[in-house]
Amino acid sequence: MTQLTCPHCAKPVSANPIGRWFSRFQCPHCQQVLQFDTRTNVIGAVGSALFFITAWAVLMGAGPDAQRVAWVTGALWIAAMALSYTLRRLAKG
């Protein structure tokens, strides 16, 4: 997996987009503001929507189609979380 580096000072940064893909944070070295890039944010937004659909299908669905929707969107949500983590990139905040 690629090591994230600060776009300001080029030093390594540890950042986890899962659950916090929209947040801004500071580089621990130069204290400049960072955020995840647009690709990471879009994958995070899609993942959040898939989670909502999965939860809705599980809680509100009554038929066999609801169960199928829950399984498919749940699998896509897990894939979106994995992509969000593996394709993460930082941008200047």
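Sequence order sets the numbering: in each chain, residues are counted from 1 along the sequence as written. Only residues with pLDDT of at least 70 get local features here, since the model is predicted, and only at 80 or more are side-chain atom pairs given and counted; chain-wide, interface and lining totals rely on the full set of residues. For side-chain calculations, the full set of non-hydrogen atoms in the structure is used, while hydrogens and water are omitted.

Position of T54 among the secondary structure elements: in helix α1 (residues 38-60). Each residue touching T54, except ones within four places of it in the same chain, is listed here: A70, T73 and G74. Secondary structure counts use DSSP, requiring at least four H or I residues in a row for a helix and at least two E residues in a row for a strand, with both numbered from the N terminus. Any pair of residues with heavy atoms lying within 4.5 Å of one another is described as a contacting pair.

Before going further, it helps to examine the sheet that holds strand β1 (residues 24-26). In a beta sheet, neighbouring strands are held together by backbone hydrogen bonds and run either parallel or antiparallel to one another. At least two bridges found by DSSP between two strands is the condition for calling them paired. Here 3 strands make up an open sheet; going across it, the order is β1-β2-β3 and the pairing antiparallel. The open sheet has two edge strands with one neighbour each: β1 and β3 (90-92). Strand-to-strand twist of the sheet, defined as the mean angle between neighbouring strand axes without regard to direction, takes the value 45°. Bridging between β1 and strand β2 (residues 33-36) involves 3 bridges; their strand directions are antiparallel. Along β2, the bridge assignment pairs F25 with L34. Structural elements are reduced to axes, namely lines fitted to C-alpha atoms, with helices fitted over the stretch in contact, and the angle between N-to-C directions of any two is expressed from 0 to 180 degrees.

Right, let's get into helix α2 (residues 64-86). By this rule, a helix spans an expected 1.5 Å times one less than how many residues it contains. In this model, α2 (23 residues) spans 33 Å end to end at C-alpha, consistent with the 33 Å of a helix rising 1.5 Å per residue. Every buried residue belonging to α2 is among A66, A70, T73, G74, A80 and S84, and all of these are buried. The rule is simple: take the accessible area with a 1.4 Å probe, protein chains only, and divide by the maximum for that residue type; under 20% is buried, over 50% is exposed, in between is partly exposed.

The next thing to look at is the pattern of salt bridges. One side-chain nitrogen of Lys or Arg within 4 Å of one carboxyl oxygen of Asp or Glu is enough to make a salt bridge. Counted by the stated rule, this structure contains 1 salt bridge. R68 is the salt-bridge partner of D65, the closest N and O atoms lying 2.8 Å from each other. Of this pair, D65 and R68 both sit in helix α2, 3 residues apart, roughly one helical turn.

Moving on: a nonpolar patch on the surface. A contiguous nonpolar surface patch, about 780 Å² in accessible area, is contributed by F52, I53, W56, V58, L59, M60 and V69. If you tally residues by element for the nonpolar patch, the top one is α1, at 6 residues. Considering the arrangement of structural elements, one finds I53 in helix α1. Residue class for I53 comes out partly exposed when judged on its relative accessible area of 34%. Here the term patch refers to residues with relative accessible area over 30% and no salt bridge, with like charges joined within 9 Å and nonpolar side chains (Val, Leu, Ile, Met, Phe, Trp, Tyr) within 5 Å. All accessible-area figures derive from a Shrake-Rupley calculation using a 1.4 Å probe, and residue coverage is judged against the displayed protein chains alone.

We call a set of buried Ala, Val, Leu, Ile, Met, Phe, Trp, Tyr and Cys residues a nonpolar core when their side-chain atoms join them within 4.5 Å. If you look at the biggest cluster of nonpolar residues, it comprises 8 residues: L4, C6, V13, A15, C27, L34, F36 and L90. With near-sequence residues (within four places) excluded, L4 lies in contact with K11, P12, V13, A15, R88, R89 and L90.

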